[in-house]
Amino acid sequence: MDRIRINNLEVFANHGVFPEENSLGQKFIISAVLHVDTHKAGLTDDLTESVHYGEVCNLISKITRENTFKLIERLAEVIAEEVLLTYDRIREIEIEVKKPWAPIAQTLDYVSVTVNRKWHTAYIGLGSNLGDKEGYLKLACDRIAQNSKCKLIKASDFIVTEPVGGVEQDDFLNGVICVGTLYTPEELLDFTAGIEAEAKRERIVHWGPRTLDLDILFYDDIVMHTDRLIIPHKELHKRLFVLEPMTCIAPYFCHPVYGKTMSDMYEDLKKRDLI
């Protein structure tokens, strides 16, 4: 990505913990680095192929003036999110908010907070084997597409698969979607859990029947392991019902742990199943 820099935009606004700061106001100095592909604009001299930095400055000023926050951390967060949601061409943004003369009874030039936010790419597995299976999978896709912090980029066809885990139950309908998101992995997990709850998902039997199952398979190329979330999904390499739709929409996506593409992992697993 190329970068457009906005340095030291001055805005008079009312942010701070103390009531006097909210009523009297002060100057804030804001800088932004916009990660944008400017190659086509550079070739054509066409503004529509880039981002109008004057408009971005106006948006930053508007957000800063029309809100009152206690923390400049909150101000930086809101600016970053609003700019990313407003301009599709901006894939990543760095925002620095400087607060001169911060009231801390010390001599200093300013206190600042810098945040970096970007659109992330996640792959989510979908599954259902109770009730209106296709309806539940479509519900998940609709809820994700309707959320301003997510973009439904690509969806596989739905495939019928046999259940795994030894529990006697109906066949599953499975698929995979590719999503652009501003959520962190944990926030995305909470969001998908909310969709499962809307579909009346119940966790009674391990690997048992379910109205809707949403699994975060990949999130960019990160590898993480917490009490709540493991990425990449730890069972992915064993599941044809995941690898087959992954191969349909992202055959050359490389597993960040095993170093193999989805297509290669799918073919390897099919061969092992035949032995």
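Residues numbered from 1 in each chain as written. Predicted model: local features only at pLDDT ≥ 70, side-chain atom pairs only at ≥ 80, totals over all residues. Heavy atoms only, no water.

Can you break down the sheet that holds strand β1 (residues 2-13) residue by residue, with the values?
Taken in spatial order, the four strands make up an open sheet running β1-β2-β3-β4, and their pairing is antiparallel. What marks the edges here is a single partner per strand, and that holds for β1 and β4 (110-118). Between one strand and the next, the sheet's axes are offset by a mean angle of 15°, whatever the strand orientation. Where strand β2 (residues 26-36) lies against strand β3 (residues 92-100), seven bridges are found, and the strand directions are antiparallel. The residue of β3 that forms the bridge with Ala32 is Ile95. Its contacts with the sheet put helix α3 (residues 53-66) on β1 and β2, and the angle it makes with β1 is roughly 35°. (Pairing = 2+ DSSP bridges. Helix = DSSP H or I, 4+ residues; strand = E, 2+ residues; numbered from the N terminus. Axes fitted to C-alpha atoms, helices over the stretch in contact; angles between N-to-C directions. Contact = heavy atoms within 4.5 Å.)

Describe the environment of Asp2, with residues and values.
Residue position: Asp2 is located in strand β1. The exposure class assigned to Asp2 is partly exposed, which follows from its relative accessible area of 33%. Here Thr38 takes part through its backbone nitrogen, which lies 2.9 Å from a polar atom of the side chain of Asp2. (Buried < 20%, exposed > 50% of the residue type's maximum accessible area, 1.4 Å probe, protein only. Polar contact = N/O pair within 3.5 Å; in protein donor to acceptor, adjacent residues only side chain to side chain.)

So what's going on with the nonpolar core? Residues and values would help.
Grouped together as the largest cluster of nonpolar side chains are 34 residues, with contacts concentrated most on Leu34, Val83, Ile90 and Ile95. Top element by residues in this core is helix α4 (residues 72-86). It accounts for eight residues. When near neighbours in sequence (up to four residues on either side) are disregarded, Leu34 contacts Asp2, Arg3, Ile4, Ile6, Val51, Val56, Ile90, Glu92 and Ile93. Grouped together as the second largest cluster of nonpolar side chains are 25 residues, Ile144, Phe191, Ala199 and Leu212 included. (Core = buried A, V, L, I, M, F, W, Y, C linked by side-chain atoms within 4.5 Å.)

Give a detailed account of unusual backbone geometry, specifying residues and quantitative values.
Ile231 connects to Pro232 through a cis peptide bond whose omega is -5°. In this structure, Pro232 sits in the loop between β11 (230-231) and α7 (240-249). One non-glycine residue with positive phi stands out, namely Asp45, at about 60°. Structurally, Asp45 is set in the loop between α2 (39-44) and α3.

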